[in-house]
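The primary structure of each chain is shown beneath.
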Amino acid sequence: MAEATELHALVMQSLDDDQAQEVVSIPLAGKSNIADFMVIASGRSTRQVASMAQKLAEKIKQSGGIARIEGLTNADWVLIDAGDVIVHLFRPEVRTFYNLERMWAFGDAPETPNA
C-alpha cells in the first residue's frame, strides 16, 4: 500500500471495528522521519490487544503492505510497524505508565477521532 493516508485510514477503521479504546493518532510527517503517523490505542485485556494486533496485521498484509509485530507474546504492549504508520496497542495500565502520547505530541494536542 503506497499511500500513507490510505494505510492510516485502514488502521483507524480496523481499530474502530475491534472496539479499541482511547484511540489517538499523532501526525509525524515533517516532525520525524520514522513514519507519517503514530497510532496509540488500548484494549481491555491482553487477549483483546493480541486479537486487535493480529487482525490489523492481517488486514495490512491483505492490502499489500508489510506489518512487523513485536510484543505479541505478552500482549501488554504490542508494536506494529507498517512503515508509514506505527501502531502501539496497550493494556490501559501499561499505556498510562509509558505515556507515549505526551512524549510524541511535540507540544501539539494529539488528534482524537470522533467515536
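Here, the structure is the one placed above.
What counts, and at which threshold
- Residues numbered from 1 in each chain as written.
- Predicted model: local features only at pLDDT ≥ 70, side-chain atom pairs only at ≥ 80, totals over all residues.
- Heavy atoms only, no water.
- Pairing = 2+ DSSP bridges.
- Helix = DSSP H or I, 4+ residues; strand = E, 2+ residues; numbered from the N terminus.
- Axes fitted to C-alpha atoms, helices over the stretch in contact; angles between N-to-C directions.
- Contact = heavy atoms within 4.5 Å.
- Core = buried A, V, L, I, M, F, W, Y, C linked by side-chain atoms within 4.5 Å.
- Buried < 20%, exposed > 50% of the residue type's maximum accessible area, 1.4 Å probe, protein only.
- Polar contact = N/O pair within 3.5 Å; in protein donor to acceptor, adjacent residues only side chain to side chain.

(A) Structural context of the sheet that holds strand 2 (residues 37-42). Within the open sheet, the 5 strands sit side by side as 1-2-5-4-3. Their pairing is mixed. Edge positions in the open sheet fall to strand 1 (21-27) and strand 3 (68-70), since each of these has one partner strand only. When the angles between neighbouring strand axes are averaged without regard to direction, this sheet yields 15 degrees. Across the face of the sheet, helix 1 (residues 4-17) comes into contact with strand 1, strand 2 and strand 5 (85-90) while running at roughly 5 degrees to strand 2.

(B) Highlighting the nonpolar core. By size, the foremost hydrophobic cluster in this structure holds 26 residues, and its most contacted members are Val-11, Leu-15, Ile-60, Ile-80 and Leu-89. If we ignore the near neighbours within four places in the chain, the residues touching Leu-89 are Leu-15, Ala-41, Val-49, Met-52, Ala-53, Asp-76, Trp-77, Val-78 and Ile-80. Of all hydrophobic cores here, the second largest spans 10 residues; its members include Val-24, Leu-28, Ile-86 and Leu-100.

(C) Focus on unusual backbone geometry. Phi at Gln-19 is positive, roughly 60 degrees, even though this residue is not glycine. Among the secondary structure elements, Gln-19 is positioned in the loop between helix 1 and strand 1.

(D) Representation of the pairing of strand 4 (residues 77-81) in the model. Burial of the side chains of strand 4 is restricted to one face: Val-78 and Ile-80 are buried, whereas none of Trp-77, Leu-79 and Asp-81 on the reverse face is. As defined by bridge partners, strand 3 adjoins strand 4 across 3 bridges and the pair is classed as antiparallel. Counterpart to Ile-69 in the pairing with strand 4 is Ile-80. Sheet topology places strand 4 next to strand 5; 5 bridges connect them, and they run antiparallel. Paired with Asp-81 across the strands is Ile-86, a residue of strand 5. In textbook terms, the turn of a hairpin is the stretch between consecutive antiparallel strands, and for strand 4 and strand 5 this stretch comprises 3 residues, one of which, Gly-83, has a positive phi near 85 degrees.

(E) The side chain of Glu-101, seen in detail. With respect to the helices, strands and loops of the structure, Glu-101 is situated in helix 4 (residues 100-104). At a separation of 2.3 Å, a polar atom in the side chain of Glu-101 contacts the side chain of Arg-95.

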